[in-house]
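Analysis of the macromolecular model
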Amino acid sequence: MAVLPIYVLGSPVLRQETTPVTTITPELLKLADDMFDTMHAAQGVGLAAPQVGRSERLAVVEVEHERHVLFNPEIVFEEGELRWEEGCLSIPEVYGDVYRAARVVVRAMGRNGKTFEIEGQELLGVCLQHEIDHLHGKLFIDHLSFLKKRKALAAWDEEKGQYPDLLRIITPGSIHDDGHDDSERL
Ligand code: NI
């Protein structure tokens, strides 16, 4: 178990397409465990492999104490619309309202290699959509209107100096209250 460095906005890996996982190896299960540790340390509820510099199609989500490991997740059904204030562990301190499907059904492969489906609404639904976006090189700021995206990028300009190597090293002292709660850090 280990807390991994998080790649922040500007890192090319965040914009790359991931590679589907065909074989679940012990190394990939360890990666999933480390991703949970990293996500918890950063006080978030979801994390995708590119955020820790990896190219596998893998995301982890934990909402209401339910942990989900998702290999090759894809949305197979969606309906409705909702608005959610989102942030991202790779764009710390930047938040914006995103419109998402109100309900999604996601099909994925679990730790045991078996395919399962998970339905999500509200935070779980938003988180699933946000993490699946990550697996295709997409970030929440891409969903913002032109003006809101410009505002978010201006806010990031103020922040990014803290991450000269585009890496965010989570230490106990590095997390502070930014006025938002975990349900907005995806
Ligand atoms: Ni994110």
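Given the structure is predicted, the values throughout are model-derived calculations rather than measurements.

1. Points about the packing of aromatic side chains
- This model, assessed by the stated rule, comprises one aromatic pair.
- If you follow Arg 67 out to its NZ or CZ, it ends over the ring of Phe 36, 4.3 Å from the centre.

2. Quick word on the coordination of the nickel ion
- Around the nickel ion, the protein contributes the donor atoms Cys 88 (SG), His 130 (NE2), His 134 (NE2) and Leu 186 (O), at 2.1 to 2.5 Å from the metal centre.
- Of note is the nickel ion, whose four donor atoms meet at the metal with angles of 93 to 149° in an arrangement that counts as irregular.
- As a motif over one chain, the donors of the nickel ion read C-x41-H-x3-H-x51-L. You can see Cys 88 sitting in the loop between strand E5 (82-86) and strand E6 (96-100) and its partner His 130 sitting in helix H2 (residues 122-134), a full 42 residues away along the chain. Each member of the pair, Cys 88 as well as His 130, is classed as buried.

3. Description of the sheet that holds strand E2 (residues 46-48)
- With antiparallel pairing, the five strands of this open sheet are ordered in space as E2-E3-E4-E7-E8. Only two strands of the sheet have a single partner each, and these edge strands are E2 and strand E8 (115-121). Geometrically, the sheet is characterised by an average inter-axis angle of 40° between neighbouring strands, direction not taken into account.
- Inspection of the sheet shows strand E4 (residues 66-79) paired to strand E7 (residues 103-109) by six bridges, in the antiparallel sense.

4. Observations regarding the environment of Phe 116
- With respect to the helices, strands and loops of the structure, Phe 116 is situated in strand E8.
- For Phe 116, a relative accessible area of 26% translates into the label partly exposed.
- A C-alpha to C-alpha distance of 34 Å links Phe 116 and Ser 145, two positions 29 residues apart in sequence.

5. Describing the nonpolar core
- Core analysis: the largest hydrophobic core is formed by 20 residues, its most contacted members being Leu 31, Met 35, Leu 47, Leu 58, Val 60, Val 69 and Phe 71.
- Where this core is concerned, the elements lending two or more residues are helix H1 (26-41), strand E3 (58-63) and E4.
- Ranked by residue count, the leading element in this core is H1, at six residues.
- One finds Val 45, Val 63, Trp 84 and Leu 128 within the second-largest nonpolar core, a separate group that totals 18 residues.

Rules and cut-offs
Residues numbered from 1 in each chain as written. Predicted model: local features only at pLDDT ≥ 70, side-chain atom pairs only at ≥ 80, totals over all residues. Heavy atoms only, no water. Phe/Tyr/Trp six-rings, centres within 6.5 Å; stacked < 30°, edge-to-face > 60°. Lys NZ or Arg CZ within 6 Å of the ring centre and 35° of its normal. Donors = N, O, S within 2.8 Å, 3.2 Å for Na, K, Ca; no water. Tetrahedral: all angles 85-135°; square planar, octahedral: opposite > 155°, others 65-115°. Helix = DSSP H or I, 4+ residues; strand = E, 2+ residues; numbered from the N terminus. Buried < 20%, exposed > 50% of the residue type's maximum accessible area, 1.4 Å probe, protein only. Pairing = 2+ DSSP bridges. Axes fitted to C-alpha atoms, helices over the stretch in contact; angles between N-to-C directions. Core = buried A, V, L, I, M, F, W, Y, C linked by side-chain atoms within 4.5 Å.

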